[in-house]
Amino acid sequence: MQSTREIKERIRGISSIKQITRAMEMVAASRLKKVESRVHASRTFAEKLHQMVSDLISSLPQESAYRWFAKKESVNSPVKVILITADKGLCGAYNNNIIQKTVRFIKENNRQVKLILIGKKANLYFSKRRDVYSIEESIPESVEKLGLDWVKSFAAKLIRDYNNLEYGELHVFFTKFHTVMQSFPASIRLFPIEKEGFGGEGREKREYIVEPSVEDILNNIFPKYIETQIYQCILESLTSEFAARRVAMIAATENAGDMIDNLTSIYNKARQEAITKELLEIVSGAEALA
């Protein structure tokens with residue numbers, strides 16, 4: 001059995017860790033509160049914009065060959081994947097879940113997949129496997145610092161590359177925020193869009209009077225739609241990260257408390273045994289003298 005001094009040192013060390021995890025949980029809760037309001041506000045805007053684009057697309061002639069949802073000529077053109085992870089760990093299975101979902105997609109796809117990695121954890125995982133996966137770009141900026149200006153230039157480059165036939169499909173893999181306790185790995189396809197996916201089945205369609213034409217309006221609105229979708233994915237992932245870190249730190253704090261209680265019980269037993277042993281030695285010594 002460990003000595004009482006060793007047990008006390010372990011209790012002291014675990015107590016220090018508990019204070020750290022408790023502080024990290026409070027920080028994550030504070031940051032989560034700020035970004036959660038942003039994700040809900042932007043989600044409303046993204047949904048309204050999607051509805052508008054959907055209504056405009058549904059008003060196009062059936063024979064329309066609108067370029068955003070027309071498939072490219074080459075069936076062997078590469079698939080581009082944007083993967084959003086965290087910059088740090090200590091957030092449970094958050095990073096692993098979305099990375100594994102991306103890996104499964106790559107294995108199931110028969111075409112070449114080029115990766116655009118957002119978040120240091122994604123870069124850390126795939127950079128060690130460059131012989132298996134093709135990394136086109138790794139974003140050096142912190143996920144939390146990616147603002148609308150960056151997203152605007154990033155989306156413009158993606159649209160330009162798509163129009164130049166440099167790739168055939170664009171997918172975004174991110175973590176969808178649901179509640180503090182629930183977030184789900186998700187993915188969306190931005191290019192080419194499917195006209196059926198914007199049909200709005202089962203809901204009332206709005207008809208717009210547009211000038212000069214629906215195609216011209218879409219050519220101006222759709223880039224903004226792509227920007228909004230990418231920014232929304234970043235916010236969803238960021239909110240999910242803070243929520244996952246808060247939950248992980250709460251669990252770590254509770255586990256540390258349980259370990260302290262267990263060690264305290266062991267310490268009390270060891271101390272009681274030591275006192276009993278000392279008393280027996282004193283009584284034995286006294287009897288020997290007598």
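Residues numbered from 1 in each chain as written. Predicted model: local features only at pLDDT ≥ 70, side-chain atom pairs only at ≥ 80, totals over all residues. Heavy atoms only, no water.

Undergrad: Where do I start with the overall build of the chain in this structure?
TA: Helix and strand content of the chain: five helices and five strands. Start at the N end of the chain and walk to the C end: the helices and strands fall as α-β-α-β-α-β-α-β-β-α. For the chain, buried positions account for 41% of its 290 residues. Long-range contacts, defined here as pairs at least 24 residues apart, represent 78% of the contacts in the chain between residues at least 6 apart. Counting only carbon and sulfur atoms, one obtains 53% of the accessible surface of the chain, whose full area is about 16800 Å². (Helix = DSSP H or I, 4+ residues; strand = E, 2+ residues; numbered from the N terminus. Buried < 20%, exposed > 50% of the residue type's maximum accessible area, 1.4 Å probe, protein only. Contact = heavy atoms within 4.5 Å. Areas by Shrake-Rupley, 256 points an atom, 1.4 Å probe, with all protein chains shown as cover.)

Undergrad: Can you help me understand the pairing of strand E3 (residues 134–139) in this one?
TA: Both faces of the sheet carry side chains from a regular strand, because those side chains alternate between them. Bridge count for strand E2 (residues 113–118) against E3 is five bridges, and the pairing is parallel. By the bridge assignment for E3, Leu115 is matched with Ile135. Each parallel crossover has a hand, and the one from E2 via helix H3 (residues 120–127) to E3 is right-handed. (Pairing = 2+ DSSP bridges. Right-handed = clockwise from strand over helix to strand, strands pointing away.)

Undergrad: Sorry if this is basic, but what is going on with the packing of aromatic side chains here?
TA: Two measures describe an aromatic ring pair: the distance that separates the ring centres and the angle between the ring planes. This structure, assessed with the given rule, holds eight aromatic pairs. Here Tyr125 and Phe126 contribute two aromatic rings whose centre-to-centre distance is 5.0 Å and whose plane-to-plane angle is 80°, an arrangement assigned as edge-to-face. Owing to a relative accessible area of 0%, Phe126 belongs among the buried residues under this scheme. Among the aromatic residues, ring-to-ring pairing joins Tyr162, Tyr167, Phe191, Phe222 and Tyr225 into one connected group. For Arg129, the ring lying beneath its charged end belongs to Tyr125, and the centroid distance is 3.8 Å. (Phe/Tyr/Trp six-rings, centres within 6.5 Å; stacked < 30°, edge-to-face > 60°. Lys NZ or Arg CZ within 6 Å of the ring centre and 35° of its normal.)

Undergrad: Hey, could you run me through the nonpolar core in this one?
TA: Nonpolar side chains tend toward joint burial in soluble globular proteins. Counting 45 residues, the largest nonpolar core has Ile82, Ile84, Ile226 and Ile230 as the members making the most contacts within it. Contributions of two or more residues to this core are made by helix H1 (4–58), strand E1 (79–84), E2, helix H4 (148–163), strand E4 (169–177), strand E5 (183–191) and helix H5 (214–289). Sort the elements by how many residues they give to this core and H5 lands first, with 14 residues. Counting 16 residues, the second largest nonpolar core, distinct from the first, contains Val103, Val113, Leu117 and Phe126. (Core = buried A, V, L, I, M, F, W, Y, C linked by side-chain atoms within 4.5 Å.)

Undergrad: Looking at this structure, how should I read unusual backbone geometry?
TA: Apart from glycine, the bulk of residues carry a negative phi angle, and the bulk of peptide bonds sit in the trans form. Residue Pro192 is bonded to the preceding Phe191 through a cis peptide linkage, with omega at -20°. Assignment of secondary structure puts Pro192 in the loop between E5 and H5. The phi torsion at Leu90 lies on the positive side, around 55°, for a residue other than glycine. Relative to the helices and strands, Leu90 is located in the loop between E1 and helix H2 (94–108). Overall, Leu90 belongs to the exposed group, its relative accessible area being 56%. The backbone of Leu165 shows a phi angle near 65°, a positive value even though the residue is not glycine.

Undergrad: Where do I start with the side chain of Thr21 in this structure?
TA: With respect to the helices and strands, Thr21 occurs in helix H1. For Thr21, a relative accessible area of 9% gives the class buried. Reaching out from Thr21, the side chain makes a polar contact with the backbone oxygen of Lys18 at a distance of 2.9 Å. Non-local contacts of Thr21, meaning those with residues more than four positions away in its chain, are made with Met249, Ala252 and Thr253. (Polar contact = N/O pair within 3.5 Å; in protein donor to acceptor, adjacent residues only side chain to side chain.)

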